[in-house]
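Working through the structure, step by step
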Amino acid sequence: MGLFGGLFGNSKSDDGNASSDIPWISLNTIGQLKDIKEASNNRPQVIFKHSTSCGISRMVLNMFKSSYGLENGQMDLYFLDLLANRDVSNAVASEFGVMHQSPQMLIIKNGVVVIHDSHGAISDIKLEHYI
């Protein structure tokens, strides 16, 4: 299994999955941003921007994964590999009006970013407050 095999698994986990795995959806095309905006009218959408070559980004991702406790279906969580998809990262910044940082988390509701932060401050975002 490669580096990202365990990170992504299936694009969405089955309901009732008791594991602590995060049901990441790979964000790798600019076209997905339209889908994210539309879906945010029904439930919050999360974008996690991660640099696979950055130790701080890896540490923040691990902290996020260890504290994640939402039930499947409460939010859609998109994982953006910055090194592989820099064009998508630039489009996220442009589309949502949030300056690029890494690592970075954005929560989108009703087509707009309701909160975003980067680096260690990501761990201060309480996802359950935005459901």
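Reading the values: the criteria
- Residues numbered from 1 in each chain as written.
- Predicted model: local features only at pLDDT ≥ 70, side-chain atom pairs only at ≥ 80, totals over all residues.
- Heavy atoms only, no water.
- Helix = DSSP H or I, 4+ residues; strand = E, 2+ residues; numbered from the N terminus.
- Buried < 20%, exposed > 50% of the residue type's maximum accessible area, 1.4 Å probe, protein only.
- Contact = heavy atoms within 4.5 Å.
- Salt bridge = Lys/Arg side-chain N within 4 Å of Asp/Glu carboxyl O.
- Core = buried A, V, L, I, M, F, W, Y, C linked by side-chain atoms within 4.5 Å.

This next bit is on the side chain of Asn85. With respect to the helices, strands and loops of the structure, Asn85 is situated in the loop between strand S3 (76-81) and helix H4 (86-96). Taking the relative accessible area as the measure of exposure, Asn85 reaches 12% and is therefore buried. The contacts of Asn85, once residues within four sequence positions are left out, are Leu27, Asn28 and Leu80.

Take unusual backbone geometry next. With an omega of -10 degrees, the peptide bond between Ser102 and Pro103 qualifies as cis. Considering the arrangement of structural elements, one finds Pro103 in the loop between H4 and strand S4 (104-109). A positive phi is found at Asn110, a non-glycine position, where the angle reads about 50 degrees. Along the chain, Asn110 falls in the loop between S4 and strand S5 (112-118). Take Asn110: its relative accessible area is 54%, and that puts it in the exposed class.

This part takes up the environment of Asn110. Linking Asn110 and Asn41, residues 69 residues apart in sequence, is a C-alpha distance of 4.3 Å. If sequence neighbours within four positions are ignored, Asn110 has contacts with Ser40 and Asn41.

This next bit is on the pattern of salt bridges. Per the stated rule, a full pass over the model turns up two salt bridges. A salt bridge links Lys37 to Glu95, with the nearest nitrogen and oxygen atoms 2.8 Å apart. Placement of the pair is Lys37 in helix H2 (residues 32-39) and Glu95 in helix H4, with a sequence separation of 58 residues. Here Lys37 falls in the partly exposed class, since its relative accessible area comes to 26%. Given a relative accessible area of 39%, Glu95 falls into the partly exposed group. Between Asp76 and Arg43 there is a salt bridge, with the nearest N and O atoms lying 2.9 Å from each other. Residue Asp76 is found in strand S3, and its partner Arg43 is found in the loop between H2 and strand S2 (45-50); the two are separated by 33 residues along the sequence. Under the relative-accessibility criterion, Asp76 is labelled buried at 7%.

Of all hydrophobic cores here, the largest spans 18 residues; its most connected members are Trp24, Phe48, Phe64, Leu77, Met105 and Leu127. At the level of elements, S2, helix H3 (55-67), S3 and S4 are the ones that each hand at least two residues to this core. It is H3 that contributes the most residues to this core, three residues altogether. Core analysis: the next-biggest nonpolar cluster, separate from the first, contains 15 residues, Leu27, Leu82, Ala91 and Phe96 among them.

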